[in-house]
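# Survey of secondary and tertiary structure
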Amino acid sequence: TIKNISPNVPEVEFKGDAIDEIHSNHRIFSGMVYNNGFRRADFVRVIYKLWSERTELIGIDSSFVEGTKVIYKSGVISDTAMEPGYSSEFIVNVAADSSLVRYVTREIKWDTFD
C-alpha cells in the first residue's frame, strides 16, 4: 500500500476577498488569512501592491497579522504566528493616488522557526 503523507509545512491562504476602502490618497485593505498547513507559520505578513494602467508599481505596503504569541529560542517575543487551522486578521494601509490604480495584487509571506 502507498500512503500519501502531507508535508509538515505551513500553508497560509487568504480567506476570501478583503474589504477595500478607497480614499483619494490611500487604500485600506482588511481581511482574514488561514493556515491550512500542518505547521506553525511565523511572522506572517500580508503584502499589497497597487499598479497603474501601464503596469507601473504606484504603491506597496504590508502588515503583520494579529496572531498567536510565541517566545522563540532567541528570546524574541512575537504575536504574528499562526498555528495550523487558525485564522488571523490583517489591515494594510497603502499610500497612493487612488485615481491612478487600475489593479491590485496581494501575497502572503512567512517564515518557520522551531
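Quick summary incoming for the structure in this document. It should be emphasised that the depicted structure is a prediction, and the values quoted were computed from it without experimental measurement.

What counts and what doesn't
- Along each chain, the written sequence defines residue order, and numbers are assigned to residues from 1.
- In view of the model being predicted, local features appear only for residues whose pLDDT reaches at least 70, and side-chain atom pairs are presented and counted only at 80 or more, with totals across whole chains, interfaces and linings using the full set of residues.
- The side-chain quantities take in all heavy atoms of the structure and omit both hydrogens and water.
- Strands here mean DSSP runs of E at least two residues long; helices mean DSSP runs of H or I at least four residues long; both are numbered from the N terminus.
- Burial classes: relative accessible area under 20% of the type maximum marks a residue as buried, over 50% as exposed, and values in between as partly exposed (1.4 Å probe, protein chains only).
- The definition of a polar contact used here is a pair of N or O atoms within 3.5 Å, where within protein one atom must be able to donate a hydrogen and the other to accept one, and adjacent residues in sequence count solely through side-chain atom pairs.
- Any two residues whose heavy atoms approach within 4.5 Å are treated as being in contact.
- For Phe, Tyr and Trp, where Trp contributes only its six-membered ring, two rings pair if their centres lie within 6.5 Å, and the inter-plane angle classes them as stacked under 30 degrees, edge-to-face over 60, or tilted in between.
- Here, any two strands with at least 2 DSSP bridges between them count as paired.
- Think of each axis as a best-fit line through the C-alpha atoms, taken over the contacting stretch in the case of a helix, with angles from 0 to 180 degrees between the N-to-C directions.

## Side note on the side chain of Arg27
Mapped onto the elements, Arg27 comes out in strand E3 (residues 26-35). A residue is classified by how much of its surface remains accessible, and Arg27, at 10% relative accessible area, is buried. Within the local environment of Arg27, its side chain forms a polar contact with the side chain of Asp20, the two groups lying 3.3 Å apart. Residues contacting Arg27, with those up to four places away along its chain left out, are Asp20, Glu21, Ile22, Leu50, Val92, Asn93, Val94, Ser98, Val101 and Val104.

## What about the packing of aromatic side chains?
Tallied over the entire structure, the rule returns seven aromatic pairs. Measuring from ring centre to ring centre gives 4.1 Å for Phe29 and Tyr48, while their planes differ by 10°; the resulting arrangement is stacked. Residue Phe29 is located in strand E3, and its partner Tyr48 is located in strand E4 (residues 42-51); the two are separated by 19 residues in the primary sequence. Taken as a pair, Phe29 and Tyr48 share a single burial class, namely buried. When the centroid spacing of 6.0 Å and the interplanar angle of 75° are considered together, the rings of Tyr72 and Phe113 count as edge-to-face.

## Thoughts on the sheet that holds strand E9 (residues 103-111)
Within the open sheet, the three strands sit side by side as E5-E4-E9. Their pairing is antiparallel. Looking at which strands have only one partner, the edges of the open sheet turn out to be strand E5 (57-64) and E9. For this sheet the average axis-to-axis angle between neighbouring strands, irrespective of direction, equals 20°. Here seven bridges tie E4 to E5, and the two strands are oriented antiparallel to one another. Counterpart to Leu50 in the pairing with E5 is Gly59.

## Considerations on the side chain of His26
Summarising the element assignment, His26 is placed in strand E3. With residues near it in sequence (within four places) discarded, His26 still touches Glu21, Asn93, Val94, Ala95, Ala96 and Ser98.

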